[in-house]
Amino acid sequence: QVQLVESGGGLVQAGGSLRLSCTASGSIGNLNPMGWYRQAPGKERELVALIFTGGRTNYADSVKGRFTISRDNAKNTVYLQMNSLKSEDTAVYCCRAQNWGGVVSWGKGTLVTVSS
């Protein structure tokens, strides 16, 4: 099972930007898909974005046009660029990865707080 460590969270004003990183303990070449999920206080965890090994991406409707997911296999890292942040984006953001055997790994998460 791969270890995932997120970074890049913090406090930002509405309209601002943040870039989250998720670094794996090993190669991410066989992890498909990798993705970001978030959980806001009092709410269920929800999918934010996924990226597949071929580069295909999926986004939640709420973040389309504002967030971009990307992966750098050489650095074993997946990124989430978040622009035009809104107060409703406040949440703990977690990285998720699935290998070809179907084993899922989760990171511990990084907190994003957007002030209005």
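Just above sits the structure.
What you see is a predicted model, and the numbers here were worked out from it, not measured in a lab. (Residues numbered from 1 in each chain as written. Predicted model: local features only at pLDDT ≥ 70, side-chain atom pairs only at ≥ 80, totals over all residues. Heavy atoms only, no water.)

**Side note on the packing of aromatic side chains**
Condition: The rule is short: rings of Phe, Tyr and Trp, with Trp giving its six-membered ring, pair when the centres are within 6.5 Å, and they are stacked under 30 degrees, edge-to-face over 60, tilted in between. Strands are runs of DSSP state E lasting at least 2 residues, helices are runs of H or I lasting at least 4, and numbering of each runs from the N terminus. The buried label goes to any residue with under 20% of its type's maximum accessible area, the exposed label to any with over 50%, and the partly exposed label to all in between, with areas taken from a 1.4 Å probe on protein chains only.
A full pass over the atoms with the stated rule returns one aromatic pair. Aromatic pair Y37 and W106: ring centres 5.1 Å apart, planes at 65°, arrangement edge-to-face. Of the two residues, Y37 sits in strand 4 (residues 31-39) while W106 sits in strand 10 (residues 104-106), which places them 69 residues apart along the sequence. On the accessibility criterion, Y37 (16% relative accessible area) is buried.

**Structural notes on the state of the cysteines**
How we decide: Disulfides are defined as pairs of cysteine sulfur atoms found within 2.5 Å of each other.
Evaluation of the coordinates by the stated rule reveals one disulfide. Between the sulfur of C22 and that of C95 lies a disulfide, 2.1 Å long from S to S. Judged by the sign of its S-S torsion, about -80°, the bond between C22 and C95 is left-handed. Taken together, the residues C22 in strand 3 (residues 18-24) and C95 in strand 9 (residues 91-99) connect sequence positions 73 residues apart. In terms of burial, C22 and C95 fall into one category: buried.

**Section: the sheet that holds strand 3**
Strand pairing in a sheet is mediated by backbone hydrogen bonds. Such pairs are either parallel or antiparallel. Rules: Whether two strands pair comes down to DSSP finding at least two bridges between them. Helix axes use the C-alpha atoms of the stretch in contact, all axes being lines fitted to C-alpha atoms, and the angles between their N-to-C directions lie in the range 0 to 180 degrees.
Reading across the sheet, the four strands line up as 1-3-8-7 and stay open at both edges, with antiparallel pairing between neighbours. Sheet topology places strand 1 (4-7) and strand 7 (67-72) at the edges, where each strand pairs with a single neighbour. In this sheet, neighbouring strand axes are inclined to one another by 15° on average, regardless of whether the strands run parallel or antiparallel. Note that strand 1 and strand 3 share four bridges and pair antiparallel. Bridging from a neighbouring strand, S7 pairs with S21 of strand 3.

**Topic: the pattern of salt bridges**
As a reminder of what qualifies: Each salt bridge in this description consists of a side-chain nitrogen of Lys or Arg and a carboxyl oxygen of Asp or Glu lying within 4 Å of one another.
All told, the structure shown has four salt bridges when counted by the stated rule. A salt bridge links E46 to R38, with the shortest nitrogen-to-oxygen separation between them at 2.6 Å. Among the residues examined, E46 registers a relative accessible area of 34% and is labelled partly exposed. Classification of R38 by relative accessible area gives buried; the value is 6%. Two residues, D89 and R38, come together in a salt bridge whose shortest N-O distance is 2.9 Å.

**Examining the pairing of strand 7**
Along any regular strand the residues' side chains alternate between the sheet's two faces. On strand 7, burial follows the alternation: F67, I69 and R71 on one face are buried, whereas T68, S70 and D72 on the facing-out side are not. With six bridges joining them, strand 7 and strand 8 (residues 77-82) adopt antiparallel strand pairing. Bridge pairing links F67 to M82 in strand 8. The turn linking strand 7 back onto strand 8 is made up of four residues, and N76 within it adopts a positive phi angle of 55°.

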